[in-house]
Amino acid sequence: MKGERKRRVYRAPSSRQRLLGMLGRALPYVFLILFSLPIISMYLWLFFSSFSRKVMFGFIPQEWTLHNWRFLWSPIQMGGAAHLSIWKATGNTLLFAGVVMLIVVFTATLSGFALSRFRFRGREELMRLSILLHAFPGVTLLIATFYVLYYLKLLNSIWGVAIARAALEIPWSTWIIKGFFDNIPWDIEWSAYVDGCNRFQAWYKVILPLLRPGIAAIAIFSFLAGWNDFIYPYTFIFTKENQTLSMLIKALIGEFRFTDYGLLASVSLFYILPVLVFFFFTQKGLMRVTVGGMKGGR
Amino acid sequence: MASIKLEHLTKRFGKVVAVNDLNLEVRDGEFIALLGPSGCGKTTTLLMISGIYKPTEGNIYFDDVLVNEVAPKDRYVGLVFQSYALYPHMSVYNNIAFPLRLAKVPKKEIDRRVREVAKLTKIEDLLDRMPGQLSGGQQQRVALCRALVKEPEILLLDEPLSNLDARLRIETRAEIKRLQREVGITTILVTHDQVEAMTMAERVAVMHAGVLQQYGPPDELYDRPRNLFVASFIGDPPMNLVPVKFEKTDGTGRLVAQGFSLRLSEELTRLLSETGEEEFTLGIRPEDVALSQEETAEGFPGEVFLTEPLGGGTLVHFKFGETPFRVLAPKDLKIEIGDRFWIVPKQDKLHLFTADGLSVREKGHAEQG
Amino acid sequence: MKPRPWRGRRRVFRFPTVILFLAPFLILVIAFFFVPALLNIVLAFTNMDSSLEWNFVGLQNYRLLFSDPQARQIAINTLVYVLCTLAINVGFGLILGLLTTYFVPENAGLLFRAIWMLPRMTPSVVYALLWLWVLDPTEYGLLNMVAKALTGAKPTFWTMQHPMGVVILVNGMVGASFGMIIFSAAIKSISKDYIMAAQVDGASHLGIVRSIILPLLRWPLMFVTIWQTLSLLASYEYILLVTNGGPFFKSEVWSLYAYHEAFAHRFYGYGAAIAMILVIVALIVTMIMLRVFGFKRLMELMG
């Protein structure tokens, strides 16, 4: 095969080639920064305009002030009736999110356990259905849920609407907890039975403690889902007294949109504080939980 | 075919030093092996030569041209990965043709060269298969084809035989050697299997923890290991290593170990005295030891602890204290556990290593072979 | 010691205990998934309004719908919205995935992926507020300032003049992160050996992306496309908050139309009828997805 062939000459890369190489390596960063600029500027604006009286060039603050944060101690209003106190709204939101979280954790751990351990007819079908439910358009459920809540006399009640909202989180959270259960060996459970537990005791005393990371995950996610939710409170809660923070902000946007961005920004910053806290502490873990590992190419 | 020179090559990953101050040269058309246990830095060196890793320090020269900044595709190297890395979504033909297509070689030319190299490795009838349908040995040959089809100046092989079963391994060893000779390409083989390295390469570089231990032709490594590591790594069955103390009484040198004492030749006595040291490690290969049923001053007694019939001979195990001592005895010698023999090592085959692991005999040689 | 009564427990479990464990799940799922789903079908054939009484009116709602001049425009809007946002969600999601896993080292990749996750994790009202500032029609809105700096243009009333574009961008910025996560996981799971082999074979970065990475991403690409199609068909929250379907239905999509009819105008029956169309479309897309992927693989994919 070989025989006589022209030998290749090696040449070290010229300085022009090396320059191009360096530019090439920098290019992805340039793109990423360019693409991310809108997001970065949006959130910087949120932060800066909540603390300044005026903003120059969009978000460079001019005068540091806490004036925008007056909603923490005085009522918000611009002529007309005052808006709901921020603390009442926060309380409502905490109630809402809390109820969602408790219902989700309670239900998911019980049903996750059952789906993992029990063998009964219809198990496969139930799982299949859960996946299907995920694909259902939300607005259809919304309209009919209105009637269901009306029928159950839960309209306008914070915890009532929370129950409805929690139901949306049940399928995926059950799935995750089931996965955690699947990874706990039978032996541990059997020891509990041999030691004298009935099913509930085994579940509560032995298995649940082993599930802590999974429970923590679904608790946090469902709490945040409840905290961040807008549509369910907006659609099903009517009285001002029961407003959640998301509803309050929507109302504020309508009224203060062209007049006081500072106020809007600070109320919003107040609202997303728990989300930001969670966000910064769990970046890496978040990525792993949300994906569940997809195999490329297969 | 290019010559390769590695100068003070170092690669660090954070705090870990994978390759430490490596100096090596490979002649044009030569077949060398990088040999060492896992994690000794040999694959890292290979990846630096191919341009995938950039050296932390040091220089790489092909034909005396500095190529540190040259991209992999401009280095004209063929690389066969341990996992073969055949693109799973492409047929065998397309896998092999891939580098040529990238180089924008005309279609007819591609076809000719792909078939030519496939004939070389005898896989012409596998060209339409997908990698998933091939056996390990077949995949390896495809990987080899893909590396060779672009007519590289340098061929790099990363543990090419470790995924093959024993019989196939022996066959493929001979194949690769034949191929290399026919094509005449500068080749570096990376392996942890010393038999592989010793049978295939013209020179072997033994590495350990990122540091080059010794570099030379196989028989030099075998007969004149420069340090303890090389001595213990090369050779199967492995060299006996016994901690001993050097004593001189009336001009006669003796080595005293736990359980035996051995008289030394004049030459050895002189060598050891010159070092001025007392503690050494004695090294002697099982095949360089004779067994005698009669008492002799040149040997020492021992009781047979275990015998291992090897077919062509018997490996006889002795034990001195906690240290095992193995002797390769001829086939026809009848040996039972508990028998007593006189163990007579050949004096000129004795290796002695100082406390820091260096061979007394080979001291003073430069690192390169 | 009193002998304990031996109750033979079988491994296959008795019904009562299972039911107890599954009770909360079943109650919630039935009350807030099944019942509403069925109810919606029923409501679609009634004329329930703010009086909350239902009288069956047969196909009247659908006749109304098909003669509604807005409906056609809204259907087209929905098509345009879904297709364009899909392109961003999948295409841009892919670009982000590639940029943050293949082209830059892990730490930088993590940082940028975190930045792009922000919109998804922010409550919708706040995210909408941020966009309202960006799109502010005065000279202080970010987009107007950028336009002025680049081309000296006068301030534009973005939500009035380009409602569809606005809506697509707003949803695209949030939606891209879904694809980004899925694709970056898939790319990271590709064995490095293939990339290194391609480098030695002479491929440039783009060549590697085209010949090695993309072919191995076929399944994730299909999955994201179909999943996002379903999500987009059902999405209306951000549109509600930023343009509310305006001006004059120019950015109204089908799901938002159902919402408006039911909750703004209180024609629950009519709204349900509109929503039913969406359900049918979603079911068709889901069928396609199940057919293409097979159920077992879908379970694997989802974790």
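In this numbering scheme, every chain counts its residues from 1 along its sequence in written order. Each chain is given a letter, starting from A, and each ligand a number, starting from 1, according to the order in which they appear as written. Totals for whole chains, interfaces and linings use every residue, but because this is a predicted model, local features are given only for residues with pLDDT of at least 70 and side-chain atom pairs only at 80 or more, for both listing and counting.

Chemist: Before we go on, may I ask you to explain the overall build of chain B in this structure?
Modeler: When you go through chain B residue by residue, the secondary structure sums to nine helices and 20 strands. Between the buried cut of 20 or more and the exposed cut of 12 or fewer other C-beta atoms within 10 Å of a residue's own C-beta lies the partly exposed class, and all C-beta atoms are placed from the backbone. Put simply, chain B has 369 residues, and 42% of those count as buried. Think of it this way: build a C-beta for each residue from its backbone, and any pair within 7 Å is a contact. The contacts in chain B between residues at least 6 apart in sequence include a share of 66% that link residues at least 24 apart. Comment: elements are numbered from the N terminus, with helices defined as DSSP H or I runs of at least four residues and strands as E runs of at least two.

Chemist: Looking at this structure, how should I read the sheet that holds strand β12 (residues 252-257) of chain B?
Modeler: Strands belonging to one sheet form pairs held by backbone hydrogen bonds; the direction of such a pair is parallel or antiparallel. Residue and element names in this part refer to chain B. The sheet built from five strands is open, its strands ordered β13-β12-β11-β14-β20 with antiparallel pairing. Of all strands in the sheet, those bounded by a partner on one side alone are β13 (260-263) and β20 (351-353). Each strand of the sheet is rotated relative to its neighbour by a mean of 35°, with strand direction disregarded. Most of the contacts of helix α9 (residues 266-275) go to β12, to which it runs at about 75°, and overall it touches β11 (240-249), β12 and β20. For two strands to count as paired, DSSP must find a minimum of two bridges between them. Orientation is described by lines fitted to C-alpha atoms, with helices fitted over the stretch in contact, and by angles between N-to-C directions that extend from 0 to 180 degrees.

Chemist: How should the environment of Phe146(A) be read in this particular structure?
Modeler: All names here are of chain A. On the secondary structure map, Phe-146 appears in helix α4 (residues 138-151). Given 24 C-beta atoms within a 10 Å radius, Phe-146 is considered buried. Expressed as a C-alpha distance, the spacing of Phe-146 and Trp-175, which sit 29 residues apart in the sequence, is 27 Å.

Chemist: Looking at this model, I keep getting lost on the pairing of strand β19 (residues 340-345) of chain B. Mind explaining?
Modeler: Side-chain positions along a regular strand alternate between the two faces of the sheet. Residue and element names in this part refer to chain B. A one-sided burial pattern is seen for β19, the buried positions being Phe-341, Ile-343 and Pro-345 and the unburied ones Arg-340, Trp-342 and Val-344. Two strands pair when backbone bridges link them, and strand β15 (residues 289-292) and β19 are joined in this way by four bridges, in the antiparallel orientation. Counted as the bridge partner of Ser-292 is Trp-342 from β19. Direction of pairing for strand β16 (residues 300-309) relative to β19: antiparallel, over a ladder of four bridges. Within β19, the position partnered with Pro-301 by the bridge is Trp-342.

Chemist: Help me understand the sheet that holds β16(B), please; the structure alone is not making it clear to me.
Modeler: Residues and elements named next belong to chain B. Across the sheet, which stays open at both edges, the five strands sit in the order β15-β19-β16-β17-β18 with antiparallel pairing between neighbours. Every other strand in the sheet has two partners, leaving β15 and β18 (323-330) as the edge strands with one partner each. On average, each strand axis in the sheet is inclined to that of its neighbour by 45°, with strand direction left out of account. One ladder, built from eight bridges, connects strand β17 (residues 313-320) with β18; its direction is antiparallel. Bridge pairing in β18 links Val-316 to Val-327.

Chemist: Help me understand the domain arrangement of chain B, please; the structure alone is not making it clear to me.
Modeler: When the parts come together, some accessible area is lost, and that loss is often what is quoted as the size of the interface. Residue and element names in this part refer to chain B. For each domain, the first and last residues come from an automatic or database assignment. Looking at the assigned domains, one finds that chain B contains domain 1 (4-233) and domain 2 (240-353). For domain 1 versus domain 2, the separation of C-alpha centres amounts to 40 Å. Across the boundary between the two partners, domain 1 contributes five residues, which contact five residues of domain 2. Each residue belonging to the side of domain 1 that touches domain 2 can be placed in one class, and the counts come to three nonpolar, two polar and no charged. Amino acids outside the nonpolar list (Ala, Val, Leu, Ile, Met, Phe, Trp, Tyr, Cys, Pro) and the charged list (Asp, Glu, Lys, Arg) are all regarded as polar, and Gly is one of them.

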